[in-house]
Amino acid sequence: MFAKAFRVKSNTAIKGSDRRKLRADVTAVFPTLGTDQVSELVPGKEELNIVKLYAHRGDAVAVYVSGGNPILFELEKNLYPTVYTLWSYPDLLPTFTTWPLVLEKLVGGADLMLPGLVVPPAGLPQVQKGDLCAIALVGNRAPVAIGVATMSTAEMLASGLKGKGFSVLHTYQDHLWRSGDKSSPPSIAPLALDPPDLSEEKGSVQADATLQGDMRHLALEGEEEEDEEVQQMCGEKSQSEATEDPSVGGLNPDPTDSKTLQEQMDELLQRCFLHALKCRVKKADLPLLTSTLLGSHMFSCCPEGRQLDIKKSSYKKLSKFLQHMQQEQIIQVKELSKGVESIVAVDWKHPRITSFVIPEPSPTSQTIQEGSREQPYHPPDIKSLYCVPASMTLLFQESGHKKGSVLQGSEVRTIVINYAKKNDLVDADNKNLVKLDPILCDCILEKNEQHAVVKLPWDSLLSRCLEKLQPAYQVTFPGQEPIVKKGKIGPIDITLAQRASNKKVTVVRNLEAYGLDPCSVAAILQQRCQASTTITPAPGAKDSLQVQIQGNQVHHIGRLLLEEYQLPRKHIQGLEKAPKPGKKK
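What counts as what
Residues numbered from 1 in each chain as written. Predicted model: local features only at pLDDT ≥ 70, side-chain atom pairs only at ≥ 80, totals over all residues. Heavy atoms only, no water. UniProt positions renumbered as here; feature names shortened; annotations may be inferred. Helix = DSSP H or I, 4+ residues; strand = E, 2+ residues; numbered from the N terminus. Buried < 20%, exposed > 50% of the residue type's maximum accessible area, 1.4 Å probe, protein only. Axes fitted to C-alpha atoms, helices over the stretch in contact; angles between N-to-C directions. Parallel < 35°, antiparallel > 145°, perpendicular 65-115°, else oblique. Left-handed = near helix turned anticlockwise from the far one by under 90°. Contact = heavy atoms within 4.5 Å. Pairing = 2+ DSSP bridges. Expected span 1.5 Å × (residues − 1). Arc of directions from axis to C-beta.

An unreviewed UniProt entry annotates the chain as Eukaryotic translation initiation factor 2D originating from Camelus ferus. Recorded under Subcellular location (unreviewed entry), the UniProt text for the chain is reproduced unchanged: "Cytoplasm".

Right, dumping it as structure tokens:
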């Protein structure tokens, strides 16, 4: 986008209200940034300008400039960070790695093709189509480009890492970068599992050979003529040699296994398939798109440190593997719409499913990794309480309570029973009835009942008493002191809304009341639902955020809250809005 010079339309300072709006937008788009980091990125008093410009292709872009450097740019109402910002916050976006020689092509306006990716041992970051991603070079985690993923990680792997992976928007050394102080990327040490930095070892024969072998992966789009040196290096290693090399393609085989790589991948594929059917796929999910089975269920069942790649198996394609599973009568696959296959039936009593032993989950897989939450989520203990109002203080003052005292239901019951017995109010002829003295009359009877009702059964007396008390509740989070609040705790509210584009969205509110971080929940749902998610301030609620997911995702949200987070159903409102099986979302 900024490969060529752009034309500046205006350059103006941003006023205070616009700064606050920009901070809110940054918080919503980049939820992993803390409050201090957002304030640092969008300063309150330092000079901050908005530059409106036209890119060389005519795109209208708004660029936010702080301290002489462009920090953010806005295109079609979407906010993007520049490389200057990413150097300060290198973990802001999921980062993919490529080779140093690729950078020149990206600066020239090329998009990044999947064969140019370097797959680390831990596997590729999990992203969805349309997600914003950073691109770094081998040996340095400082991003040198940002782009939009053209497919999900699952689709990348299913394609065998072929085709265009990212539409590149902005790079180090492009004209947007040149509008700043033109500083170079900082040196940020790669993670322990990143490949070694080959860019500094070109004099080494071994490193040069490895680089030349892997340079066969370079396949960039956007320029008609490839550099002759790159073409020559691509031919240094034959395709057959590269396929046999376990270090190429990110297969990550089990080093303790004596089986061939293909046999290992076949076993891993079947293991993830059976694990997904036994633990993740429910009858209510059917019919289930085969692509959803792979992307939402099978990949998440892959053991830590391994990477599922169907291309490396003997089946080569997901459809062929599922046909094999259908022949074993484990599943039934049908083409419900032209060219789109779905699983319509599963035999959960099949011996291969019933005999499958679920592997012990690793500690990291049991932990919510998104955002700042690093501890497994445990639902709070919620108790209904009752607060004594002014109109009922006479009834409770004998037991040492006053206006505003908070009591449990059992305590209220005991106090009322003791009051009735102490004041000789139990009917002598019928022990199930209680005579009403003036205090009880004033506390629990309506005005039109004052002279008409003289006795009440125990259950009616107690229920009326509870109804007259003000509601309160106590929330206790694991390892924390109980929190008592007046009123009733609002449920997690799930609603469906229709947007201007006539598309449905699912909105989830009040997660914070149950100790759930909306940003973490949004990140999980984005992966589970394979749909875009946004976080916005909840209307009419102070300091509360709502999560919005594209499409009707009530079923996925319900499973997350009920099955994984173990929240009681009574605290969740809107589960009945889930689409009926077979109905289009």
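**Description of the environment of Ala284**
Relative to the helices and strands, Ala284 is located in the loop between helix 10 (261–279) and strand 12 (288–289). Assessed through its relative accessible area of 44%, Ala284 is described here as partly exposed. For the pair Ala284 and Lys580, spaced 296 residues apart in the sequence, the C-alpha separation amounts to 8.3 Å.

**Considerations on the packing of helix 15 (residues 409–422) against helix 17 (residues 458–468)**
In the contact formed by helix 15 and helix 17, the axes pass within 10 Å of each other and the chain directions differ by 125°. It follows from the interaxial angle that helix 15 and helix 17 lie oblique. In the crossing of helix 15 with helix 17, the sense of the turn from one axis to the other is right-handed. Along its contact with helix 15, which presents Val412, Arg413, Val416, Ile417 and Ala420, the element helix 17 presents Trp458, Leu461, Leu462, Cys465 and Leu466.

**Points about the packing of helix 18 (residues 518–529) against helix 19 (residues 554–564)**
In the contact formed by helix 18 and helix 19, the axes pass within 10 Å of each other and the chain directions differ by 120°. With respect to each other, helix 18 and helix 19 are oriented oblique. When you trace helix 18 past helix 19, the crossing you get is right-handed. Along its contact with helix 18, which presents Val521, Ile524, Leu525, Arg528 and Cys529, the element helix 19 presents His556, Ile557, Leu560 and Glu564.

**A look at the sheet that holds strand 19 (residues 470–476)**
Overall, antiparallel pairing links the four strands, which are arranged 16-15-19-20 in an open sheet. Either end of the sheet is taken by a strand with one partner, and the two such strands are strand 16 (406–408) and strand 20 (483–486). Ignoring strand direction, the axes of neighbouring strands in this sheet form an average angle of 35°. Across seven bridges, the pairing between strand 15 (residues 381–387) and strand 19 is antiparallel.

**Remarks on the pairing of strand 3 (residues 60–66)**
Counting buried residues along strand 3, six of its seven residues qualify, which places the element largely inside the surrounding structure. Strand direction decides the pairing type here: strand 2 (residues 48–54) and strand 3, joined by seven bridges, are antiparallel. Its bridge partner being in strand 3, Ile50 is matched across the sheet by Tyr64. In sequence, strand 2 turns back onto strand 3 through a hairpin of five residues, with Gly58 there showing a positive phi of about 100°. Here strand 3 runs beside strand 4 (residues 69–75); their pairing, made up of six bridges, is antiparallel.

**Let's talk about helix 15**
Taking 1.5 Å per residue as the helical rise, helix 15 with its 14 residues ought to reach 20 Å, and the 20 Å between its terminal C-alpha atoms agrees with that figure. When we look at burial in helix 15, the residues that qualify are Val412, Ile415, Val416, Tyr419 and Ala420. End-on, the buried residues of helix 15 take up no more than an arc of 130°, which puts them together on one face. Projecting away from the buried face of helix 15 at angles above 90 degrees are the exposed residues Lys421 and Lys422. Where helix 15 is buried, its residues touch strand 15, helix 14 (393–396), strand 16, strand 17 (433–435), helix 16 (438–444) and helix 17. One or two steps after helix 15, the chain reaches Asp424, where phi turns positive at roughly 55°.

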